[in-house]
Each structure stands twice: as structure tokens, then as C-alpha cells.
Amino acid sequence: MAGSKFGKMVFIGALTGAVISMFDKTTRSEMSRRAQGLSEDAKYYMKNPDVLRWKLQDKSDKLKALYEQFDSDKRYLQSKASELKQLTPTVKTLVEDTKTAFVDSKDAVMEAKDDYKQMATEAIKGGHPGTDQPFVPEEAYAEGQVDGGSMGGGTSKGTFVPDAAYREGQVAGEARDNMKN
């Protein structure tokens, strides 16, 4: 019973609000104009029901097309999301493999750098891994101590010289002296 009183009171309140708002002249004239326009539209559509049917069908077709477009877009986005879900592990694996390759390359370069430093250090000390030939530094060429050096137009920055060349006097000062004679 309380539910029915609520509905009745809301309806009575709405009617009371409508009646009170009609005391305003501009509201009355606006409502009168709208009511007149609605009655003219109703008379027109009563005489021409095909026009009303055509307008309703047109609105219905537009709503159906809009719904189909949204549905098509939804299916497209769902398929792309599914592809992305499948592609993500592949891309993740590819990125991890690339990262590993770069780290491995960096490690290889660092090892080669360390090996080169070690080989250069040993070579300057007089021995080279894998050979029994001593290393002759750049300064020896510049001072003309090796094969005529700068006097002979040499441009080498240093080289490994066979031990036999040292024994035979072909390297260092004796070679220069022999060349002059």
C-alpha cells in the first residue's frame, strides 16, 4: 500500500509543478507553440502514414548500420588483440635472444681485447705466443736501428723479426754499418 501512495504522490507533485509553471506567460506561450507543432505533425502523419513509416524505417536502418559497424569494429579489435597476445611471446623471445647476442658479442670483444693486451705485453717483452720471434717496437724503426729505419723510408710501426736476423747482424746498428760499406 505504501508503494502505491508513493507513485500517486509523485504523479500529483508533477501535475502540481506543471500547473504552477503555467502561471509564467513565457512558459505558457512556449508550451502552446510546442503543442500546436505536435498537433500539426500528428495531423500530417495521419494523412501520410507512408512518410511516417519511411522515416521510422530510415531511422531503424541507420541504427542497424551503426550497430553492425560497432560489431564489425569490435570483432576486428578482438582479432587484433588475439594476434597481439600470440605475437607477444614471440617478440619477447626475439628481444631476449637479441639481448643475449649483444651480451655475448660484448664478452667476446672484451676477451679479444684482453688477449690482445696480453699478446702485446708478451711481444714487447721479447716473446710472442705461437712464435719464437721477438717484437721490434716502433722506436727502433724511428731511430734507424732496424733495416735502415727512417733512413731507408720504412713506415712499419713494429714487426716480429726472426732470431736469425739478429744473429746475422741484419737488425740494429750492424745492419746500418754494413749498408754503408
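Residues numbered from 1 in each chain as written. Predicted model: local features only at pLDDT ≥ 70, side-chain atom pairs only at ≥ 80, totals over all residues. Heavy atoms only, no water.

Visitor: How should the overall build of the protein chain be read in this particular structure?
Guide: On a plain count of helices and strands, the protein chain comes out with 6 helices and 2 strands. Ordered by position from N to C terminus, the α and β elements of the protein chain give α-α-α-β-α-β-α-α. For the protein chain, the proportion of contacts with a sequence separation of at least 24, taken over those separated by at least 6, is 41%. Of the accessible surface of the protein chain, which amounts to about 15100 Å², a share of 61% is contributed by carbon and sulfur atoms. (Helix = DSSP H or I, 4+ residues; strand = E, 2+ residues; numbered from the N terminus. Contact = heavy atoms within 4.5 Å. Areas by Shrake-Rupley, 256 points an atom, 1.4 Å probe, with all protein chains shown as cover.)

Visitor: For this particular structure, what's the right way to read a nonpolar patch on the surface?
Guide: A contiguous nonpolar surface patch, about 440 Å² in accessible area, is contributed by M9, F11, I12 and L15. A relative accessible area of 45% means that L15 is categorised as partly exposed. (Patch = residues over 30% accessible without salt bridge, like charges linked within 9 Å, V, L, I, M, F, W, Y side chains within 5 Å. Salt bridge = Lys/Arg side-chain N within 4 Å of Asp/Glu carboxyl O. Buried < 20%, exposed > 50% of the residue type's maximum accessible area, 1.4 Å probe, protein only.)

Visitor: What should I look at first to understand the pattern of salt bridges in this one?
Guide: Two side chains with opposite charge may pair up if their charged atoms get near one another. Counted under the stated rule, the structure contains 7 salt bridges. R34 is the partner of E30 in a salt bridge, and the nearest nitrogen-oxygen pair spans 3.3 Å. Pair noted here: E30 and R34 are both in helix α2 (residues 25–47), with a separation of 4 residues, about one helical turn. For D50, the salt bridge identified is with R53, shortest N-O distance 2.7 Å. Note that D50 and R53 are positioned in helix α3 (residues 49–125) at a spacing of 3 residues, about one turn of the helix. Residue D50 is classed as exposed on the basis of its relative accessible area, which comes to 52%. Exposure remark for R53: the relative accessible area of 52% places this residue in the exposed category. Connected via shared salt-bridge partners are E30, R33 and R34.

Visitor: Would you mind showing me how to read the environment of D24 here?
Guide: Among the secondary structure elements, D24 is positioned in the loop between α1 (2–21) and α2. Side chain to side chain, D24 and T26 meet in a polar contact 2.8 Å long. (Polar contact = N/O pair within 3.5 Å; in protein donor to acceptor, adjacent residues only side chain to side chain.)

Visitor: Would you explain a negative patch on the surface in this entry?
Guide: Where like charges cluster on the molecular surface, the negative patch consists of D104, D107, E111, D114 and D115. When you line up the elements, D114 lands in helix α3. (Lys, Arg positive; Asp, Glu negative; His and termini not counted. Charge placed at Lys NZ, Arg CZ, Asp CG, Glu CD.)

Visitor: What should I look at first to understand the confidence of the model for the protein chain in this one?
Guide: Interpretation of this model should avoid reading the predicted coordinates in detail wherever pLDDT is low. Residues with a pLDDT of 70 or more make up 66% of the protein chain, whose mean pLDDT is 76. The secondary structure element of the protein chain with the lowest average pLDDT is helix α6 (residues 173–180), at 46, and the one with the highest is α2, at 92. For residues 148–158, every residue scores under 50 in pLDDT, and the model assigns this stretch 15 contacts once sequence neighbours within four places are set aside. (pLDDT = per-residue confidence, 0-100.)

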